Amino acid sequence: NLNLLEDGKERKEEVAVAEFHKKIKEAFEVFDHESNNTVDVREVGTIIRSLGCCPSEGELHDLIAEVEEEEPTGYIRFEKFLPVMTEVLLERRYRPIPEDILLRAFEVLDPAKRGFLSKDELIKYMTEEGEPFSQEEMEEMLSAAIDPESNSIHYKDYITMMVIDEN
Amino acid sequence: MNTPNLEDMGCGTSSATKDKKSEKALKAALVIQNWYRGYSARLKTRQRYALTIFQSIEYADEQGQLQLSNFFSFMLENYTNVPEKEPGLVTRLFGSSIQDKDRQDYLGLIEIPDSYCGPRLQFPLTFTDIDLLIEAFKQQQILHAYYVLEVLFETKKVLQQMPNFTHTNTSPSKEITICGDLHGKLDDLFLIFYKNGLPSVTNPYVFNGDFVDRGKNSMEILMILFVSFLVYPNDLHLNRGNHEDFMMNMRYGFTKEILHKYKMRSVLMPPIPMDGDRAEKKNKLGTATVALGIRTSGSFSEQLTKQEWEQVIDILWSDPRGKRGCYPNTNRGGGCYFGPDITSKILNKYQLKMLVRSHECKPEGYEICHDGKVITVFSASNYYEEGSNRGAYIRMSSGTTPRFFQYQITKATCFRPLYQRVNAIESSAIRMLKERMISRKTDLIRAFQLQDRNKSGKLSMGQWAFSMENVLGLNLPWRSLSSHLVTTDKDGNIDYMSGFQDVHIQKPVKEVQSSLIETVYRYRSDLQIIFNIIDSDHSGLISMEEFRSMWRLFKSHYSVHIDDSQFDELAERMDLNKDGSIDFNEFLKAFYVVHKFDQLNKSDTKLA
């Protein structure tokens, strides 16, 4: 009976949406310091990423434009954020990078296949290429990634460590 | 990723290879950056979640504290109704055995031995005494009780002569520094003095209360602040916080610190009177600092009227929020939440520009809200845990915008990387949460089973989150935390019993019911406070009769449904009876949580 099938599917999606709504609300509330359903626009990136999405800086910029007020106030309201974020989750946009792709990216930057990148090399790539890191981001990454004795980043170990930490 | 495909542009082979290489490098860099930003965001969120857990539990405990205060009020009101066999108990509780003895009477009881090599203060105090104390405390010396008493009496005398409101003048050449909660963290005070200079006539300070509890140097902080106050009474301002309260001190560690550092128990009863309040405002005309206050001499039997007490709570416990209006502070159980409209109204009414308050821990050490009219400043870094938050202080003067200074104390000579710090506070927070869960196990299971119609042992995420929030009374992001607390199957359903798997309360006696064990564990802090108050000679022992009576009264006020006989049996079986008296500390210590995967046996969360 096609109708029942359709209803079942709809119902399932309703439930999924309801759960997404609650999840998004939770993530939003943690940054809603004044408990008035707004967050600082500078924290929106963190919220979106905490929900498992990995937009690039450019994509994030576009998302923020969607949820901002007509006249930007520096704050994002939950009422605007919720529908946009729900779509993102339903469409499974901005999927995270799988571990093997990440490893290959490091290997591209290490054509000599030494198994590591020097500190200077990493800094050069991260702060000059792509969507460059700020100084703070660079320092933060180095503090965990760098092996102080060799002043280099053994990327395979680093990735493994980070993946374990997240799980 | 919009990287142009250089090959399509028909470049020559050698430059095409070079361009292709750099295009690959660009793409690789983007991948790594993208991944890292996602990882970093999730790390920061985990840190926030941990803080939210700490804060929620702290406020829930404060609710417990206020409930305890109500319990004592309840007892006071029911004094005449207490049955005949318990009059002794209530007299002990409410009869003030502390007369306002003479200063000399107290000081006469103490002698400073020649062997004492700690700091010696000279009255009248001067700035050299401040230096002396700081140096001594840096070397972890303890100030002799004789000097402590002298300072306390002197401070009390001066404070009693001061008005509730203090006005002070500032100018660009004489800025004032405002500090928030210190909570016994001496290193933070040292850091502030190091960075900002010692208090003096040209370097005035305001300390916004909560000097004591939680940290391990409440006494030292108090002594430094009081001595500085006595030397510079017009330039060092002390406002009262909600922890300047002897019942809070019993729960949150100051009393314990005193009893530990100073074995002369019976002498240290004179309560510390404090004027002033944590609200401090800056006059529109530019130069006044105002400290609101309710004067109280603090002794338990000299009661404020009920209305006055409620006003005190309102001032000392309230928090600003974004929602307009004024409504009960349900998190803490006392005071209210006030919105930006309330702030504007009050500030306009008294022609004030700004409210600087404390009382709430902020990750960055300070926070501005209500359109810049309310500033929260918090000066105890790493308040919940190493790495949990920064501390801050503010410098301001009339006509200039306030300047904020942040800091964070760290024990390690080099910073641990962020992910390690986050891991540490996250595990600590989850641990605390699990202990909460186990202390409400019976109620939680009942709530779960009510929803689990077909007795499958599983609930949907929504159902589980709903019960957790309802029973525990903690407003937390349950969905995000679920992975740390329970196991989920592939359909996204939660095995609710899995939450109790690796934690349990050690049963001091096998035969007693779990629900009783749980209840005593849950209320152990309250019970400890009550027992300590009954134990007026601080011997650590109370009579079995008093022990039982107190339990019965407690039971009725807190609506605990446990059979008296069960409790009696428990007490007897634990055999802590020493000639008709019970060592209540031993009794309470026997109720602790065991975490399965610990190397240590006992829970880290100690009794206050």
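The following refers to the structure shown. The structure presented is a predicted model; accordingly, all values stated were derived computationally and were not measured.

Bringing the overall build of chain B into the picture now. The helix and strand inventory of chain B stands at 20 helices and 21 strands. Looking at chain B residue by residue over its 608 residues, the buried ones come to 55%. Nonlocal contacts in chain B, meaning residues at least 24 apart in sequence, comprise 70% of its contacts between residues at least 6 apart. Here chain B has roughly 27900 Å² of accessible surface; of this, 50% comes from carbon and sulfur atoms.

What follows deals with the nonpolar core. With 103 residues, the main nonpolar core has Phe81(A), Trp464(B) and Trp478(B) as its most contacted residues. Among the elements that make up this core, the one with the highest residue count is helix H1 (residues 13-77) of chain B (10 residues). When sequence neighbours within four positions are dropped, the list of residues in contact with Trp478(B) reads Glu26(A), Leu433(B), Trp464(B), Ala465(B), Met468(B), Glu469(B), Leu472(B) and Leu485(B). Ranked by size, the runner-up nonpolar core spans 50 residues in total, among them Leu225(B), Val231(B), Leu236(B) and Phe254(B).

To continue, consider the interface of chain B and chain A. Counting residues at the interface gives 44 residues for chain B and 44 residues for chain A. Between chain B and chain A, roughly 4100 Å² of surface is buried when both sides are summed, and carbon and sulfur atoms account for 60% of that area. Ranking the residues of chain B by area buried against chain A places Trp35(B), Tyr36(B) and Arg37(B) at the top, with a combined share of 18%. Run the count over chain B and chain A and you get 5 salt bridges. With a closest N to O distance of 2.9 Å, Glu137(A) and Arg37(B) form a salt bridge. Applying the counting criterion to the chain B and chain A interface returns 15 residue pairs in polar contact (both at pLDDT 80 or more). Sorting the residues of the side of chain B that touches chain A by element identifies H1, strand S10 (366-369), helix H12 (418-439), helix H14 (461-472) and helix H15 (478-485) of chain B as the ones contributing at least two each. Looking at the side of chain B that touches chain A element by element, the count peaks at 25 residues for H1(B). Class assignment of the residues belonging to the side of chain B that touches chain A gives a composition of 22 nonpolar, 12 polar and 10 charged.

In this section: the sheet that holds strand S2 (residues 205-207) of chain B. All names here are of chain B. If you walk across this open sheet you meet the 5 strands as S3-S2-S1-S12-S13, and the pairing is mixed. For this open sheet the edge positions go to strand S3 (236-238) and strand S13 (403-407), each flanked by a neighbour on one side alone. Here the strands of the sheet are splayed against their neighbours by 20° on average, with no regard to which way each runs. Lying on the sheet, helix H7 (residues 218-231) is in contact with S2 and S3; it crosses S3 at an angle near 130°.

Here we take up the sheet that holds strand S7 (residues 326-328) of chain B. Strand pairing in a sheet relies on backbone hydrogen bonds. The paired strands run either parallel or antiparallel. Residues and elements named next belong to chain B. Strands sit in the order S6-S8-S7 across an open sheet of 3 strands; the sheet is mixed. The open sheet is flanked by strand S6 (319-320) and S7, the only strands paired with a single partner. With 2 bridges connecting them, S6 and strand S8 (residues 336-338) associate as parallel partners. Opposite Asp319, over in S8, you have Tyr337 as the bridge partner.

Conventions and cut-offs
- Residues numbered from 1 in each chain as written.
- Chains lettered and ligands numbered in written order.
- Predicted model: local features only at pLDDT ≥ 70, side-chain atom pairs only at ≥ 80, totals over all residues.
- Heavy atoms only, no water.
- Helix = DSSP H or I, 4+ residues; strand = E, 2+ residues; numbered from the N terminus.
- Buried < 20%, exposed > 50% of the residue type's maximum accessible area, 1.4 Å probe, protein only.
- Contact = heavy atoms within 4.5 Å.
- Areas by Shrake-Rupley, 256 points an atom, 1.4 Å probe, with all protein chains shown as cover.
- Core = buried A, V, L, I, M, F, W, Y, C linked by side-chain atoms within 4.5 Å.
- Buried area = accessible area lost by both parts, 1.4 Å probe.
- Salt bridge = Lys/Arg side-chain N within 4 Å of Asp/Glu carboxyl O.
- Polar contact = N/O pair within 3.5 Å; in protein donor to acceptor, adjacent residues only side chain to side chain.
- Nonpolar A, V, L, I, M, F, W, Y, C, P; charged D, E, K, R; others polar.
- Pairing = 2+ DSSP bridges.
- Axes fitted to C-alpha atoms, helices over the stretch in contact; angles between N-to-C directions.

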